[in-house]
Amino acid sequence: MFTIQLLSTTLSTTIRESLIDLLRDSVEGGASVGFLAPLKREIAEAYWQDVLREAGSPCRVILVATTESGEVAGSVQLALGQKENGRHRAEVQKLLPNR
């Protein structure tokens, strides 16, 4: 069973480290998410810092799935529609399942 969490701008160190590892593993596995393998840890960390700054904004939602033991099983970002006639829409971005 998984728990879906809405991320905020403040994260536990464990979740933050797990997200960095998840991104690096996804890139190493061939995911086309805007990075080339091998992805340096510092680059993945900087990426998540940037993304988390947007977590509290009205234009991005970041969801993380965790297992019962608290391990990160995956993450996804939703870019929320900003146009008046599209506020019910979102674009799925950076879907990262744990391999």
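Structure's up top.
All values reported here derive from a predicted model rather than from experimental measurement.

Q: How should the environment of Leu22 be read in this particular structure?
A: Structurally, Leu22 can be placed in helix H1 (residues 13-28). Note: C-alpha distance between Leu22 and Gly74 (52 residues apart in sequence) is 7.3 Å. Sequence-distant contacts of Leu22, defined by excluding residues within four places in its chain, comprise Val72, Gly74, Ser75, Leu96, Pro97 and Asn98.

Q: I'm lost on the environment of Ile15 in this one. Help?
A: Topologically, Ile15 is positioned in helix H1. As a C-alpha pair, Ile15 and Val92 span 77 residues in sequence and 21 Å in three-dimensional space. Among all residues touching Ile15, those that are not within four sequence positions of it are Leu7, Thr66, Gly70 and Val72.

Q: Would you mind showing me how to read the packing of aromatic side chains here?
A: The geometry of an aromatic ring pair comes down to the distance between the two centres and the angle between the two planes. Here the structure, examined in full by the defined rule, presents two aromatic pairs. Geometrically, the ring pair formed by Phe35 and Tyr47 is edge-to-face, given 5.3 Å between the ring centres and 85° between the ring planes. Separated by twelve residues along the polypeptide, Phe35 in the loop between H1 and helix H2 (41-53) and Tyr47 in helix H2 bring together distant segments of the chain. Residue classification places Phe35 among the partly exposed residues on the basis of a relative accessible area of 21%. Plain terms: the ring middles of Tyr47 and Trp48 are 5.4 Å apart, the flat faces sit at 75° to each other, and that makes the pair edge-to-face. Judged by relative accessible area, Tyr47 falls into the buried class, the value being 15%. With relative accessibility at 2%, the residue Trp48 sits in the buried group. Through successive ring pairs, a cluster of aromatic residues spans Phe35, Tyr47 and Trp48.

Q: Please clarify how the nonpolar core should be interpreted in this entry.
A: It is characteristic of soluble globular proteins that their nonpolar side chains tend to be buried jointly. Core analysis: the largest hydrophobic core is formed by 19 residues, its most contacted members being Leu7, Leu19, Leu23, Trp48, Ile62, Val72 and Leu96. Of all elements in the fold, only H1, H2 and strand E2 (60-67) reach the threshold of two or more residues within this core. At six residues, the largest contribution of residues to this core is made by H1. When residues no more than four places from it in sequence are discounted, the contact partners of Leu7 are Ile15, Leu19, Leu52, Ala55, Ile62 and Val64.

Conventions adopted
Residues numbered from 1 in each chain as written. Predicted model: local features only at pLDDT ≥ 70, side-chain atom pairs only at ≥ 80, totals over all residues. Heavy atoms only, no water. Helix = DSSP H or I, 4+ residues; strand = E, 2+ residues; numbered from the N terminus. Contact = heavy atoms within 4.5 Å. Phe/Tyr/Trp six-rings, centres within 6.5 Å; stacked < 30°, edge-to-face > 60°. Buried < 20%, exposed > 50% of the residue type's maximum accessible area, 1.4 Å probe, protein only. Core = buried A, V, L, I, M, F, W, Y, C linked by side-chain atoms within 4.5 Å.

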